[in-house]
Amino acid sequence: MAVEQLALTVLMGILLVAVAGLVSRMVDWRSYTPLGGASAIGGSGYGGGHAEKPAGIVRWFTTVDHKDIGILYGIYALVAFFWGGAAVLLMRAELAAPGFDIMEAAFYNSLLTSHGITMLFLFGTPIIAAFSNYFIPLLIGADDMAFPRINAIAFWLLPPGAILIWAGFFTAPLGLGIDPAQTSWTMYTPLSAEQANAGVDLMLLGLHLTGVSATMGAINFIATIFTERGDDVNWANLDIFSWTILTQSALILFAFPLLGSALIMLLLDRNFATTFFAVEGGSPILWQHLFWFFGHPEVYILVLPPMGLVSWILPKFSGRKLFGFKFVVYSTLAIGVLSFGVWAHHMFSTGMDPRIRASFMAVSLAIAIPSAVKTFNWITTMWNGRLRLTAPMLFCIGFISNFVIGGITGVFLAAIPVDLVLHDTYYVVGHFHYIVMGMIAFAGMGALYYWFPIVTGRMYQRTLAKWHFWLSMIGTNITFFAFLVLGYLGMPRRYATYQFDGAIAPLAQVTTLHQISTVGAFIIGIGQVVWAWNMVQSWYEGPEVEDADPWNLKDDGMFGREFQWFEAQKLAADGGEEEVATDGGGVRPDGGYRRAVRRVDDE
Amino acid sequence: MVSEPDAKTFDRETLLDLVVNAIPLGIILFFILVFALVNPFGSDPVNTAIQFSIMIVTGLALLVLTYVSGKAVSEAEDELEEQGLELSEEAGADGTAETTAPAETEDDTA
Ligand code: HEM
Ligand SMILES: [Cu+2]
């Protein structure tokens, strides 16, 4: 046994050395310099530094350019989005009828776990990092991130993280006895401590990696926003997206290390017979406290930057500056602080002390105010504005509309008596999906469309983008409104079937509502297929953007810093260097069919 | 914007901006008072202490952060004004301050 392990370790060591040797043969590491390169010092303009990128795939494995890393994050997040989406479509298919029809309970549970963890940790956080990596340095006039190499390391921790988290699905068919975890994303003890399956350990390790990655990224953003700002950017004219990323990074810094510690304690409980979360030891409730002390800030980690994106993009198509800019800034900071004082609103029904419970209700009600303030600011920004319903704008408006429902259902849940009735029903699932799908995914999509010209140098197909929006908007509201009603009818969450006693809940209605939300989920799915097609095709053959102002922002005096950078790049490109303008890394098929757009019409 | 450099940390404008965080603070304060006055579950040294410290600690943290950030922003504003630069988010990182009126954004209620 010991000999085997020793042999394995040695083998692993040899493998690693071999890989390192191989990589060092392929690339000349010395050709890279971290910060924009020594040559670029003093230049207020961006550029230089990353000029020497190796060609082909090696570039992507070795890059420390924040824009490349942003693209890597984006692609990673979208792969995860499709994994999580496929999982949930299987689940919704199973739920189209009351009994076990197409899968067993164990597989349903595995999909549920994978869907939740994937969407929150492998899609949500990385898609935000995609935008922040690419655009924060441009928005604040920095040459790059403060620590470009740490930036690259933070990204490269994610793929192994995903492989570990999904590992059970790959190993289950091999018959090794390593199956996907069935813990749900909250990993509540004692369930998660007592499942012997090694797939759970792999998932915990993978989660740990993604947490380390997020923390490294957060430190990098804090350092960048504090120290790398351009000369004429200070706290008074820092853009709103950077403010939300700064707040998010602070939340990550305080929340994720705690998750990491809790995960290690859980691993110890599982593998080394410690009793942190055992009934006779620290108690299972300790897990819930640790998890939610991380978990509630995590939901704001996910939602604050999308709020920043919308606050940035919405004014551009309203022809007016963001109403109450500073209200939005201060309420972002308020949410950041308050989100650490509300965690036990996820635990109202655990039998905790009623006095303590009441306090968590108080702070939870208080946190709703800064959220509502933002909503009113967005609405007022649009009020009497000159709205242009482009695809990014449609997604912003959809975002606000979904937040009204998602936010208000949250306030209801924060009231203890209401929560005791609705806890662990589909109502809760409806609440947070209005937010995670209706806001986070929507803002992400809107931003993808808004910045598509900068990243790819091309324009997407506008009709397809409209289809994408309407399918997503209608699908989201069908699916998740049905969830809210199902919750009122008493449908408990996380079950693969609903063949319960008709006295508990009206079975016929429950079945119908489940079918409605299955249909809605597939509508969302079709919308995302349209979107994927649009992105890929437009990246390769969309009309090239000729003008650095594809959104006509100059007319309203809203030509943001990132587009100013884009313009500078284009001017530089006209002066000779062809490569600079399309920093997207996509290969441009030269000589192919090329159309050109100068400006996008008002829709 | 009419900000005369005065001895006070915050001018009227800034105070007005900070009001937004006074509302959640007010709600927390309200509950502190209510829970102090109405006490159906009785008192218990540990639990009552936790009960109040959750609200007080979060409230204080909010107060401190609001103060610090408000101070940083209003100092930064003065700095920009001295340099004659613009306050808006869109102001160029390349130094080309646009010539639109200084954006005290919450004032432009059409
Ligand atoms: C307006 C502010 C909000 C309030 C007052 C609020 C309140 C609540 C409450 C009380 C619960 C627990 C329900 C239960 O399990 O019985 C809950 C669950 C949840 N909320 Fe919110 N929420 C708010 C905003 C958000 C936001 C912005 C997000 C996401 C970005 C979010 C994501 C979630 C998630 C993921 C859960 C379910 C966690 C789980 O049990 O799996 N909430 N919310
Ligand atoms: Cu919460």
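Since we're looking at a predicted model, the values are computed, not measured.

Cut-off values and rules
- Residues numbered from 1 in each chain as written.
- Chains lettered and ligands numbered in written order.
- Predicted model: local features only at pLDDT ≥ 70, side-chain atom pairs only at ≥ 80, totals over all residues.
- Heavy atoms only, no water.
- Helix = DSSP H or I, 4+ residues; strand = E, 2+ residues; numbered from the N terminus.
- Rg over C-alpha atoms; globule rule 2.2 N^0.38 Å.
- Buried < 20%, exposed > 50% of the residue type's maximum accessible area, 1.4 Å probe, protein only.
- Areas by Shrake-Rupley, 256 points an atom, 1.4 Å probe, with all protein chains shown as cover.
- Lys, Arg positive; Asp, Glu negative; His and termini not counted.
- Charge placed at Lys NZ, Arg CZ, Asp CG, Glu CD.
- Core = buried A, V, L, I, M, F, W, Y, C linked by side-chain atoms within 4.5 Å.
- Contact = heavy atoms within 4.5 Å.
- Donors = N, O, S within 2.8 Å, 3.2 Å for Na, K, Ca; no water.
- Near = heavy atom within 4 Å.
- Polar contact = N/O pair within 3.5 Å; in protein donor to acceptor, adjacent residues only side chain to side chain.
- Phe/Tyr/Trp six-rings, centres within 6.5 Å; stacked < 30°, edge-to-face > 60°.
- Axes fitted to C-alpha atoms, helices over the stretch in contact; angles between N-to-C directions.
- Parallel < 35°, antiparallel > 145°, perpendicular 65-115°, else oblique.
- Left-handed = near helix turned anticlockwise from the far one by under 90°.
- Nonpolar A, V, L, I, M, F, W, Y, C, P; charged D, E, K, R; others polar.
- Patch = residues over 30% accessible without salt bridge, like charges linked within 9 Å, V, L, I, M, F, W, Y side chains within 5 Å.
- Salt bridge = Lys/Arg side-chain N within 4 Å of Asp/Glu carboxyl O.
- Expected span 1.5 Å × (residues − 1).
- Buried area = accessible area lost by both parts, 1.4 Å probe.

Draft legend 1. Inspection of the overall build of chain A at higher detail. Scanning chain A from terminus to terminus reveals 18 helices and two strands. For 603 residues, the compact-globule estimate of 2.2 N^0.38 gives 25 Å, and the C-alpha radius of gyration of chain A, at 24 Å, lies within 12% of that figure. By its C-alpha atoms, chain A is 75 × 70 × 45 Å across when sized along the principal axes. A burial count over chain A gives 60% of its 603 residues as buried. Roughly 23,000 Å² of accessible area belongs to chain A as shown, and the carbon and sulfur atoms make up 69% of that amount. Counting 31 positive and 42 negative side-chain charges, chain A places the centres of these two groups 7 Å from one another.

Draft legend 2. Structural detail: the nonpolar core. Counting 196 residues, the largest nonpolar core has F121(A), W243(A) and W451(A) as the members making the most contacts within it. Ranked by residue count, the leading element in this core is helix 15 (residues 426-456) of chain A, at 21 residues. Discounting chain neighbours no more than four positions away, the residues touching W243(A) are W235(A), L238(A), F325(A), V329(A), L333(A) and V73(B).

Draft legend 3. Here's a closer look at the coordination of the iron atom of ligand 1. All names here are of chain A. Protein coordination of the iron atom of ligand 1 is limited to a single donor, H431 (NE2), positioned at 2.2 Å. Separation of the iron atom of ligand 1 from the copper ion (ligand 2) amounts to 4.5 Å. Summarising the element assignment, H431 is placed in helix 15.

Draft legend 4. Quick look at the coordination of the copper ion (ligand 2). Ligation of the copper ion (ligand 2) by protein atoms is provided by H296(A) (ND1), H345(A) (NE2) and H346(A) (NE2), these donors lying 1.8 to 2.1 Å from the ion. Judged by its relative accessible area of 6%, H296(A) is buried.

Draft legend 5. Here's a closer look at the site of ligand 1. All names here are of chain A. As a matter of local geometry, ligand 1 sits amid 21 residues, with V299, D419, H423, H431 and R493 nearest to it. With respect to ligand 1, the side chain of D419 contributes an N or O atom lying 2.5 Å from an oxygen atom. Contact between ligand 1 and H423: an oxygen atom at 2.6 Å from a side-chain N or O atom of the residue. Within the residue set of the shell around ligand 1, elements represented by two or more residues are helix 10 (284-313), helix 13 (391-414) and helix 15.

Draft legend 6. Up close: the packing of aromatic side chains. All names here are of chain A. Overall, the coordinates contain 55 aromatic pairs over all chains when judged by the stated rule. Pairing W83 with F169 gives two aromatic rings, centres 5.6 Å apart and planes at 80°, and the pair type is edge-to-face. Here W83, found in helix 3 (residues 66-94), pairs with F169, found in helix 6 (residues 158-171); they are 86 residues apart in sequence, far enough to count as distant. For W83, a relative accessible area of 24% corresponds to the partly exposed category. On the basis of an interplanar angle of 85° and a centroid distance of 5.3 Å, the ring pair of F480 and F483 is categorised as edge-to-face. In this pair, F480 and F483 are both assigned in helix 16 (residues 462-488), three residues apart and thus about one turn of the helix distant. When its relative accessible area of 6% is taken as the criterion, F480 is described as buried. With a relative accessible area of 6%, F483 lands in the buried category.

Draft legend 7. Representation of the environment of H433(A) within the structure. All names here are of chain A. Its location among the elements puts H433 in helix 15. The exposure class of H433 is buried, given its relative accessible area of 14%. Separated by 31 residues in the primary sequence, H433 and N402 place their C-alpha atoms 9.4 Å from one another. The contacts of H433, once residues within four sequence positions are left out, are H115, G438 and F480.

Draft legend 8. Fine view of the packing of helix 3 of chain A against helix 4 (residues 105-140) of chain A. All names here are of chain A. Two elements in contact, helix 3 and helix 4, have axes whose closest approach is 7 Å; the angle formed by their N-to-C orientations is 155°. Between helix 3 and helix 4, the angle falls in the class roughly antiparallel. Of the two elements, helix 3 crosses helix 4, and the hand of that crossing is left-handed. In terms of residue class, the contact of helix 3 with helix 4 is made up of 27 nonpolar, nine polar and two charged.

Draft legend 9. Expanded view of a negative patch on the surface. A grouping of D78(B), E79(B), E81(B) and E82(B) is seen on the molecular surface, where their side chains present a negatively charged patch. The topology assignment puts E79(B) in helix 2 (residues 45-82).

Draft legend 10. Quick look at helix 10 of chain A. All names here are of chain A. Taking 1.5 Å as the rise per residue, helix 10 with 30 residues should run 44 Å; its terminal C-alpha atoms sit 44 Å apart, in good agreement. In terms of burial, helix 10 is a largely internal element, 25 of the 30 residues being buried. Between a side-chain oxygen at the N-terminus of helix 10 and the backbone nitrogen of I285 the separation is 3.1 Å; the capping residue is S283.

Draft legend 11. Quick look at the interface of chain B and chain A. Contacts between the two partners involve 53 residues from chain B, matched on the other side by 48 residues from chain A. For the pair chain B and chain A, the summed buried area comes to about 4,400 Å², and 67% of that belongs to carbon and sulfur atoms. Taken together, the connections running from chain B to chain A amount to two salt bridges. For the pair chain B and chain A, the number of links is eight residue pairs in polar contact (both at pLDDT 80 or more).

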